[in-house]
Amino acid sequence: MSRVLLPALFGILVLCAWEAAVRVMGVPAYIMPAPSAILAALASNAPDLLAGLAVTLEVTFAALILAVATGVLIAVLLASSPLAERTFFPYAVFLQVTPIVTIAPFIIIWVSNIFAVLLILAWMAAVFPIISNTLLGLKSVDRNLKDLFRLYGASRAQTLWKLSLPSCLPYFLGGLRISGGLALIGTVVAEMVAGTSGTRSGLAGRLLEASYRLELATAFACFALLSASGLGIYAALQWLSRRLLRRWHESAREEQV
Amino acid sequence: MNAAAVTLRGVAKTFPSAPPSSGTPSSGTTALAPTDLTIASGSFVAIVGPSGCGKSTLLRMIAGLTPPSTGHVERAEGAVGFVFQSPTLMPWATAQENCALPLALSGIDGSLAAPEALARVGLAGFEGAYPHELSGGMQMRVSIARAMVTSPRLLLMDEPFAALDELTRFRLNDDLIALWKQNGWTVVFVTHSIREAVFLAERVVVMSPRPGRIVADIAVDLPDRSPAARLSHAFTDQCARVSAVLEGAA
Ligand SMILES: Nc1ncnc2c1ncn2[C@@H]1O[C@H](COP(=O)(O)OP(=O)(O)O)[C@@H](O)[C@H]1O
Ligand SMILES: [Mg+2]
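Worth saying up front: this structure is predicted, and the values here are computed from it rather than measured.

1. A look at the layout of surface pockets
- By volume, the largest pocket is sized at about 870 Å³.
- L138, V141, K146, T159 and S164 of chain A are, among the 28 residues lining the largest pocket, the residues nearest its centre.
- Of all the elements in the fold, those that place two or more residues in the lining of the largest pocket are α3 (46-80), α4 (82-97), α6 (114-139), α7 (143-151) and α8 (156-194) of chain A together with α1 (55-63) of chain B.
- For the lining of the largest pocket, the residue count by class is 12 nonpolar, seven polar and nine charged.

2. Some details on the site of ligand 1
All names here are of chain B.
- Surveying the vicinity of ligand 1 reveals the residues F15, T29, A31, P50, S51, G52, C53, G54, K55, S56 and T57.
- Within the side chain of S56, a nitrogen or oxygen atom sits 2.7 Å from an oxygen atom of ligand 1.
- With respect to ligand 1, the side chain of T57 contributes an N or O atom lying 2.5 Å from an oxygen atom.
- Burial of ligand 1 by the protein chains amounts to 60% of its free accessible area of 550 Å².
- Going through the elements one at a time, β2 (29-40) and α1 are the ones with two or more residues in the shell around ligand 1.
- Here the element with the most residues in the shell around ligand 1 is α1; it accounts for three residues.
- Considering only residue class, the shell around ligand 1 consists of four nonpolar, six polar and one charged.

3. Here we look at the interface of chain B and chain A
- Contacts between the two partners involve 24 residues from chain B and, on the opposite side, 18 residues from chain A.
- Across the contact surface, chain B and chain A share two salt bridges.
- One salt bridge in this structure joins R60 of chain B and D147 of chain A, with 2.6 Å as the shortest N-O distance.
- Seen at the junction of chain B and chain A, the total is four residue pairs in polar contact (both at pLDDT 80 or more).
- Elements with a contribution of two residues or more to the side of chain B that touches chain A: α1, β5 (80-83), α2 (95-105) and α4 (136-148) of chain B.
- With four residues, the single largest contributor to the side of chain B that touches chain A is α2 of chain B.
- The residue makeup of the side of chain B that touches chain A, split by class, is 15 nonpolar, six polar and three charged.

4. Thoughts on the domain arrangement of chain B
All names here are of chain B.
- Domains assigned within chain B are domain 1 (1-14 + 28-78 + 153-250) and domain 2 (89-152).
- Domain 1 and domain 2 are separated by 25 Å when their C-alpha centres are compared.
- Domain 1 puts 15 residues into the contact, and the matching count from domain 2 is 11 residues.
- Here domain 1 packs against domain 2, burying approximately 1000 Å² in sum over the two surfaces, 68% of which is carbon and sulfur.
- Considering only the side of domain 1, the residues that lose the most area to domain 2 are L172, L179 and W185, jointly responsible for 36% of the buried surface there.
- Across the pair D175 and R141 runs a salt bridge whose closest N-O atoms are separated by 2.9 Å.
- Where domain 1 packs against domain 2, one counts two residue pairs in polar contact (both at pLDDT 80 or more).

5. Here we look at the sheet that holds strand β6 (residues 154-158) of chain B
Residue and element names in this part refer to chain B.
- Reading across from one edge, β5-β6-β7-β3-β8-β9 is the order of the six strands in this open sheet, with mixed pairing throughout. The open sheet has two free edges, formed respectively by β5 and β9 (213-219), since each of these has just one partner strand. Geometrically, the sheet is characterised by an average inter-axis angle of 15° between neighbouring strands, direction not taken into account.
- As paired elements, β5 and β6 share four bridges and run parallel to each other. Counterpart to V80 in the pairing with β6 is L154.
- Lying over the sheet, α1 contacts β3 (44-48), β5, β6, β7 (186-191) and β8 (203-208), oriented at roughly 155° with respect to β6.

What counts, and at which threshold
- Residues numbered from 1 in each chain as written.
- Chains lettered and ligands numbered in written order.
- Predicted model: local features only at pLDDT ≥ 70, side-chain atom pairs only at ≥ 80, totals over all residues.
- Heavy atoms only, no water.
- 1 Å grid on protein atoms, 1.4 Å probe; cavity = no way out; pocket = protein on both sides within 12 Å on 5 of 7 lines; lining within 4 Å.
- Points joined across faces, edges and corners; volume = space filled by probe spheres on them.
- Helix = DSSP H or I, 4+ residues; strand = E, 2+ residues; numbered from the N terminus.
- Nonpolar A, V, L, I, M, F, W, Y, C, P; charged D, E, K, R; others polar.
- Near = heavy atom within 4 Å.
- Polar contact = N/O pair within 3.5 Å; in protein donor to acceptor, adjacent residues only side chain to side chain.
- Areas by Shrake-Rupley, 256 points an atom, 1.4 Å probe, with all protein chains shown as cover.
- Contact = heavy atoms within 4.5 Å.
- Salt bridge = Lys/Arg side-chain N within 4 Å of Asp/Glu carboxyl O.
- Domains from an automatic or database assignment.
- Buried area = accessible area lost by both parts, 1.4 Å probe.
- Pairing = 2+ DSSP bridges.
- Axes fitted to C-alpha atoms, helices over the stretch in contact; angles between N-to-C directions.

Set out below in structure tokens:
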């Protein structure tokens, strides 16, 4: 109860203080809009902003799904051979540590489809935690269980499906929770760098446009929608993780009284 | 009936030492010096010795999990069950699913055999329980049920009860004797407890470390192996005998 109530109360308190400060000091809306003005901007631009949000989330989810599929596949391949891991893992790290804004200009030149550009950049931001966590999970499989599977003549496919993948699930889900946020951040950064505009532009594009026009309330509304989406994604993945692990993993065990 | 279930001929195991140290041409760790051992079908053999004397290595070579460096292992036809020191259950699977694993891996439906095996170790009604919902002793029972589910001829157990409290261990010992009598298994039971070895086995093989080798092979003659036998003079005498051999070897 207090886990929801306390942060919510704090948030409301901050918003009230903000509203009061803006009104009392008479700050102009193009410098710092009051929460009520942001809410009004959100309401009046709702169809437009929600359309932008849909575009952004479409890229985000596509990138996340792609990151899961490729990340797990890459982790399984790397885990299957120490040589492969030693050879290729540094490049996964390279992918992670390179700021995607510095790669964006090249991708924009090489790929003409804007959706594909955003997808690639968001994927690059999101894939590493999936690879590294899944790989760690695959390498942490109980040795005795592995011996047991060997003793009973399990095939490689059986060992993968019945042993390796289930035992790396908690690790994978930990990576997924991080990747969900990164996919959104990657999409937003990519939208800003790629400078999309027009009706097919995402929320980040609209945020930039609004700020250029000094419509700060609208820009803040975009920001609020993006933050809420990030929180929503995290909460959804957290829920999924608990659901999948509830029956067996320490991390998701319901607290007993 | 007296056919050999397991025959080891000159079986030895040397593990290559981990870091290739500069200069000194290291020969690795000799976990087991060349060993001959015959285990009669239907017998209950205990292997005792201090830790590091190669008991696990010996058992794993019998199971075919570790290839011997030299010599060869012959095993009579039939399924093998292996019980590890820890229960080694899949935490994401129920007791029944864990128990049915050996069958599932060979494409056999275990929905009848698994509950039956669980019932035989006293876990009827716990089919749907997950490992974390079971006590340590119950988890070990699931592990034993899983080893039994393929109707093995040979049951290999590597210090299966070492992590359990004494009361639970005594109960599982009694259960194991009963199951062995019922099923006609050959059991090879590794332990570092002399009392456990003497109580369970008809034959105690004593090992000694550096290099791992068999130093004695003692027939245990206990008139009865009921729970009460733990207090009998015969039992204490046999324990003292094995103890003396073990100390002499160390
Ligand atoms: N996989 C391995 N690699 C290297 N050395 C090993 C390995 N397994 C066992 N050993 C070594 O072999 C010796 C015997 O080990 P083990 O059979 O486990 O003994 P026990 O089960 O009697 O305690 C020990 O010195 C141990 O360090
Ligand atoms: Mg051992």
